[in-house]
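Chain by chain, the residues:
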Amino acid sequence: MSEYVLTADEVLYLAASKGADSFYGVRDNLTGLSEQDLRVKVLEMEDSLNRKGYMQSDFDGNSFVDEELGKMIGGCGDCDGMVCFEWEILGEPQEGCLYFIKDKHIYEMMPRQEKYVFREISWEALTDAVQKGIRWKEVNEGEENRFSIKQKELEKAAKLAGRGAEDKAKELMAEAGAGEETADTIVAGIQNKADFYSVFFVNNRMEEDPALSVQFLQGKKLIAMAYEEQNDEDYVSFYT
């Protein structure tokens, strides 16, 4: 499959040519520019796209975007759904990758320094990318643990942990049903001492509940987090 490397401005320019006024996951540096500055930017982008071979112009000055690239950008802008996978490994900067789903196609958008790399991938490649993106490691055997804590109680625990009162923070979670290793991992996450993973699913064709977020902390245990409402109060559930 072809691979395309684009700047943020080039992505937005190509998306606009397909009728989209925004593009999820790409920073917008064009909105707010004066008409003159925007014209200059457009000329710069067209020249850059031509030099990359992503665009061609005829003798009359008409420009044509590479057919495969145009289809890809159009599919991303009007996708049926999306998977956003982000991770932050202890001691390393946060990274992420977006996967746009259109009909039977999956388009990967991977940030690379100040650019975005696009390519079409298979369903199997999407699954592998998420599974291999998580740095699995062996942990000690232990009982499964699941508990729910009120959002405001968790925020209180976070403040305590942030002030160095880890034991008090763990006590609050233990009162809600957290096991020792689970509490250790959550406090480590609060203090940015645990690995963090997030997988965000969006189905643009669903009218109700179109999005699902799954988040994990990995310290002594791999722990999933889920946000829910109980009796009109916000809760966070944790489970190994």
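Residues numbered from 1 in each chain as written. Predicted model: local features only at pLDDT ≥ 70, side-chain atom pairs only at ≥ 80, totals over all residues. Heavy atoms only, no water.

## What to know about the pairing of strand E4 (residues 81-88)
Rules: Partly exposed residues are those whose accessible area sits between 20% and 50% of the maximum for their type, while under 20% is buried and over 50% is exposed, using a 1.4 Å probe and protein chains only. Secondary structure elements follow DSSP: runs of H or I no shorter than four residues count as helices, runs of E no shorter than two count as strands, and numbering proceeds from the N terminus. For two strands to be treated as a pair, DSSP must find at least two bridges joining them.
The element E4 is largely enclosed, with a buried count of six among its eight residues. Bridging between E4 and strand E5 (residues 95-102) involves seven bridges; their strand directions are antiparallel. Bridge assignment links Glu 86 to a residue of E5, and that residue is Gly 96. Between E4 and E5, which pair antiparallel and follow one another directly, the connecting turn spans six residues, one of which, Gly 91, has a positive phi of 85°.

## Focus: the layout of surface pockets
Rule in force here: Residues are called lining when one of their atoms sits within 4 Å of a cavity or pocket point, these points coming from a 1 Å grid over the protein atoms alone, where a cavity is a set in which a 1.4 Å probe fits but cannot get out and a pocket is an open set with protein on both sides within 12 Å along at least five of seven lines. Grid points are joined across faces, edges and corners, and a volume is the space filled by probe spheres set on the points. Throughout this entry, Asp, Glu, Lys and Arg are counted as charged residues, while Ala, Val, Leu, Ile, Met, Phe, Trp, Tyr, Cys and Pro are counted as nonpolar. The remaining residues, Gly among them, count as polar.
The space that makes up the largest pocket amounts to roughly 200 Å³. Together, 13 residues line the largest pocket, and Gly 189, Ile 190, Leu 217, Met 225 and Tyr 227 are the ones closest to its centre. Elements with a minimum of two residues in the lining of the largest pocket: helix H5 (151-162), helix H7 (180-190), strand E10 (211-218), strand E11 (222-230) and strand E12 (233-239). Here the lining of the largest pocket gets three residues from one element, more than from any other, and that element is H7. Class assignment of the residues belonging to the lining of the largest pocket gives a composition of nine nonpolar, four polar and no charged. Here the second largest pocket is characterised by a volume of approximately 170 Å³. Lining the second largest pocket are 15 residues, with Leu 12, Tyr 13, Ala 16, Ala 20 and Leu 30 sitting closest to its centre. Breaking the lining of the second largest pocket down by element, the ones donating at least two residues are helix H1 (8-17) and helix H2 (35-52). Residue contributions to the lining of the second largest pocket peak at five residues, all from H1. Split into classes, the residues belonging to the lining of the second largest pocket amount to 10 nonpolar, three polar and two charged.

## Observations regarding the sheet that holds E5
Going by this rule: For helices, the fitted axis covers only the stretch in contact; all axes are lines through C-alpha atoms, and the angles between them, taken along N-to-C directions, range from 0 to 180 degrees.
On the basis of which strands lie adjacent, the open sheet formed by 10 strands has the order E1-E7-E6-E5-E4-E9-E10-E11-E12-E8 and antiparallel pairing. Of all strands in the sheet, those with a lone pairing partner are strand E1 (3-7) and strand E8 (146-150), marking the two edges. Within this sheet the neighbouring strands show an average axis-to-axis angle of 20°, counted without direction. Where strand E9 (residues 195-203) meets E10, eight bridges bridge the pair, whose relative direction is antiparallel.

## Some points on the side chain of Asn 145
To keep things clear, this is the line we draw: Think of a polar contact as two N or O atoms within 3.5 Å of one another; within protein, one of them needs to be a possible hydrogen donor and the other a possible acceptor, and neighboring residues in sequence only count if both atoms come from side chains. Contacts: residue pairs with any heavy atoms within 4.5 Å of one another.
Relative to the elements of secondary structure, Asn 145 occurs in the loop between helix H4 (123-133) and E8. The class of Asn 145 is buried, set by a relative accessible area of 13%. A distance of 2.9 Å separates a polar atom in the side chain of Asn 145 from a polar atom in the side chain of Thr 182. The contacts of Asn 145, once residues within four sequence positions are left out, are Gly 177, Ala 178, Gly 179, Thr 182, Phe 238, Tyr 239 and Thr 240.

## Some words on H2
Inclusion rule: Given a helix with a known number of residues, its expected span is that number minus one, times 1.5 Å. Starting at the helix axis, one direction is taken to each C-beta atom, and the arc is that of these directions.
With 18 residues, H2 should reach 26 Å at 1.5 Å per residue; the first-to-last C-alpha distance of 26 Å fits that figure. Of the positions making up H2, those classed as buried are Met 45, Ser 48 and Leu 49. For H2, the arc enclosing every buried residue in end-on projection is 95°, short of the 170-degree limit, so these residues lie on one face. Of the exposed residues in H2, the ones pointing more than 90 degrees away from its buried face are Gln 36, Leu 43 and Arg 51. Where H2 is buried, its residues contact E1, H1 and strand E2 (55-57). Positioned one or two residues after H2, Gly 53 has a phi angle of 85°, which is positive.

## Observations regarding the packing of aromatic side chains
Operational definition: The pairing test for Phe, Tyr and Trp rings, Trp by its six-membered ring, is centres within 6.5 Å, and the orientation test on the planes gives stacked under 30 degrees, edge-to-face over 60, and tilted for anything in between.
In this structure the tally under the stated criterion is five aromatic pairs. Between Phe 85 and Trp 87, the aromatic rings sit 4.8 Å apart at their centres with planes inclined by 35°, giving tilted as the arrangement. Judged by relative accessible area, Trp 87 falls into the buried class, the value being 14%. Taking the centre distance of 5.4 Å and the plane angle of 20° together, the rings of Phe 147 and Phe 238 count as stacked. Here the residue Phe 147 occupies a position in strand E8, and Phe 238 occupies one in strand E12, the gap between them amounting to 91 residues. Assigned by exposure class, Phe 147 and Phe 238 land together as buried. Pairwise contacts between aromatic rings join Phe 23, Phe 100 and Phe 118 into one cluster.

Keep in mind that these numbers describe shape and distance, not what the molecule does.
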